[in-house]
Amino acid sequence: MPFPAFDRSRLLLRPLRERVHDMDIAEVMHLEAKVPHLDNPDLDSLAEAIVAARDKDRPVIWMMGAHVIKQGLSRFVVDLIKQGVITHVAGNGACAIHDYELALVGATTENVADYIRTGEFGLWRETGRLNEAALEAFEEGLGLGEAVGRMIVRQGPPHQEVSIFATAYAAGIPATVHVGIGYDIIHEHPNCDGAAVGQASYTDFLIFAETVRHLEGGVFLNFGSAVMGPEVYLKALAMARNVAKQEGKQIRHFVTANFDLLDLGGDPRRQAPKSHPMYYYRPWKTILVRTVADGGESFYIQADHKVSIPNLYRRVLALRGPRP
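These numbers come from a predicted model, not from an experiment.

**Topic: the packing of helix α4 (residues 93-105) against helix α7 (residues 144-155)**
Next, step 1: Taken N-terminus to C-terminus, the directions of α4 and α7 make an angle of 5 degrees; their axes are 11 Å apart at the nearest point. Classified by the interaxial angle, the pair formed by α4 and α7 is roughly parallel. Counting all contacts with α4, which are made through D99, Y100, A103 and L104, the residues of α7 involved are M151, I152 and Q155.
Next, step 2: Here the contact of α4 with α7 is composed, by residue class, of five nonpolar, one polar and one charged.

Rendered as structure tokens:
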């Protein structure tokens, strides 16, 4: 029997200009920003692997959670796309939201504790335009990330230069969005079409899986995504290896890296025992151990993104040299 559903037509949406933002464009770190040197030999080895992969025209996948954007690091990702280092960007729905808001109004991130008390959290009119991008993607057979990037380029917002999705769209590389229904503020909005969001994000998953199909000799990087990143990567790799096996090929020799703050308290290349709580930390067992167990190499970089990403950026460009 049917159960009662929430009536979204009763929601009151407020304009984004009325929201108090916790982060604005002034906090976006410039490429020449002063960041302490991170003395980590694994970071040196990882940069070498990235450069070697690109020299051989192999993919470099940049998977991330939204904190990369919320910490003001978009410019590093943007420039690595322009430099031809990153060949595929992947993120959750929050990445698209913060990227779009930052490009549109030069600010993003609301105070959840304040706005959840007043029933206003996430209900900002302009952000809901991302649902229009999802509907266009659904109708045209596009991935959600491509539709978001295209929408930003077409709208030409004041801060488009810091948009990762617009940069990826202009560069002609995939930027895929891997959505969990109900995870994102735009799912609250009356104009959200669940079928459109689901289909557009599933298209992105298939695009991501096709990139992973070519991962032999490449690099997969995961920045701060503890569930979405490793789980999407795991399923895509299973699909890719299934097809490769039928073709007499292998996807074994590639490099993975996980960037996070957690102290794993052990050898990151050896899986934690089931008796240990860290066994359930998916990036460890999935990205650092299981998927590279038969020929790959993995690295764990424990540091704040504000330190690790600029340091990786500098090392890569120092080895590869900036490209016009």
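Next comes the rest of the account.
**Considering the pairing of strand β3 (residues 88-92)**
Next, step 1: In terms of burial, β3 is a largely internal element, four of the five residues being buried.
Next, step 2: Relative to β3, strand β2 (residues 60-64) is paired through four bridges, and the arrangement is parallel. Paired with M63 across the two strands is A90, which belongs to β3.
Next, step 3: Here four bridges tie β3 to strand β5 (residues 175-178), and the two strands are oriented parallel to one another. In the sheet register, A90 faces β5, and the bridge partner there is T176.

**Some points on the sheet that holds β2**
Next, step 1: Spatially, the six strands line up as an open sheet ordered β5-β3-β2-β6-β7-β8, and their pairing is parallel. With one partner strand each, in any of the chains shown, β5 and β8 (297-302) form the two edges of the open sheet. On average, each strand axis in the sheet is inclined to that of its neighbour by 15 degrees, with strand direction left out of account.
Next, step 2: Two strands pair when backbone bridges link them, and strand β6 (residues 219-223) and strand β7 (residues 255-260) are joined in this way by five bridges, in the parallel orientation. Paired with F223 across the bridge in β7 is F259.

**Notes on the environment of H187**
Next, step 1: Within the secondary structure, H187 sits in the loop between β5 and α9 (194-212).
Next, step 2: Remark: the alpha-carbon pair of H187 and I164, spanning 23 residues in sequence, is separated by 22 Å.
Next, step 3: Among all residues touching H187, those that are not within four sequence positions of it are V179, G180, I181, G182, C192 and V197.
Next, step 4: A polar atom in the side chain of H187 sits 2.9 Å from the backbone nitrogen of G182.

**Structural notes on α7**
Next, step 1: Compared with the 16 Å implied by 1.5 Å per residue over twelve residues, the 16 Å span of α7 between its first and last C-alpha is a close match.
Next, step 2: Of all the positions in α7, only L144, G145, A147, V148, G149, R150, M151 and I152 are classed as buried.
Next, step 3: Two residues or fewer past α7, G156 is found with a positive phi of approximately 55 degrees.

**Some points on the packing of aromatic side chains**
Next, step 1: Taken as a whole and judged by the stated rule, the model has seven aromatic pairs.
Next, step 2: Consider the rings of F223 and F259, whose centres lie 4.3 Å apart with planes at 25 degrees: the pair is stacked. Of the two residues, F223 sits in strand β6 while F259 sits in strand β7, which places them 36 residues apart along the sequence.
Next, step 3: For F259, a relative accessible area of 0% translates into the label buried.
Next, step 4: Aromatic pair Y279 and Y280: ring centres 5.0 Å apart, planes at 90 degrees, arrangement edge-to-face.
Next, step 5: One aromatic cluster is present, built from ring pairs that chain together W62, F223 and F259.
Next, step 6: The ring of Y279 carries K285 above its face, with NZ or CZ at 4.0 Å from the centroid.

**Describing unusual backbone geometry**
Next, step 1: You will see that D57, though not glycine, has its phi angle at about 60 degrees, which is positive.
Next, step 2: Here D57 lies in the loop between α1 (41-55) and β2.
Next, step 3: When its relative accessible area of 57% is taken as the criterion, D57 is described as exposed.
Next, step 4: Positive phi, normally seen in glycine, also occurs at T109, with a value near 75 degrees.
Next, step 5: Of note, T109 is situated in strand β4 (residues 107-110).

Scoring rules and cut-offs
- Residues numbered from 1 in each chain as written.
- Predicted model: local features only at pLDDT ≥ 70, side-chain atom pairs only at ≥ 80, totals over all residues.
- Heavy atoms only, no water.
- Axes fitted to C-alpha atoms, helices over the stretch in contact; angles between N-to-C directions.
- Helix = DSSP H or I, 4+ residues; strand = E, 2+ residues; numbered from the N terminus.
- Parallel < 35°, antiparallel > 145°, perpendicular 65-115°, else oblique.
- Contact = heavy atoms within 4.5 Å.
- Nonpolar A, V, L, I, M, F, W, Y, C, P; charged D, E, K, R; others polar.
- Buried < 20%, exposed > 50% of the residue type's maximum accessible area, 1.4 Å probe, protein only.
- Pairing = 2+ DSSP bridges.
- Polar contact = N/O pair within 3.5 Å; in protein donor to acceptor, adjacent residues only side chain to side chain.
- Expected span 1.5 Å × (residues − 1).
- Phe/Tyr/Trp six-rings, centres within 6.5 Å; stacked < 30°, edge-to-face > 60°.
- Lys NZ or Arg CZ within 6 Å of the ring centre and 35° of its normal.

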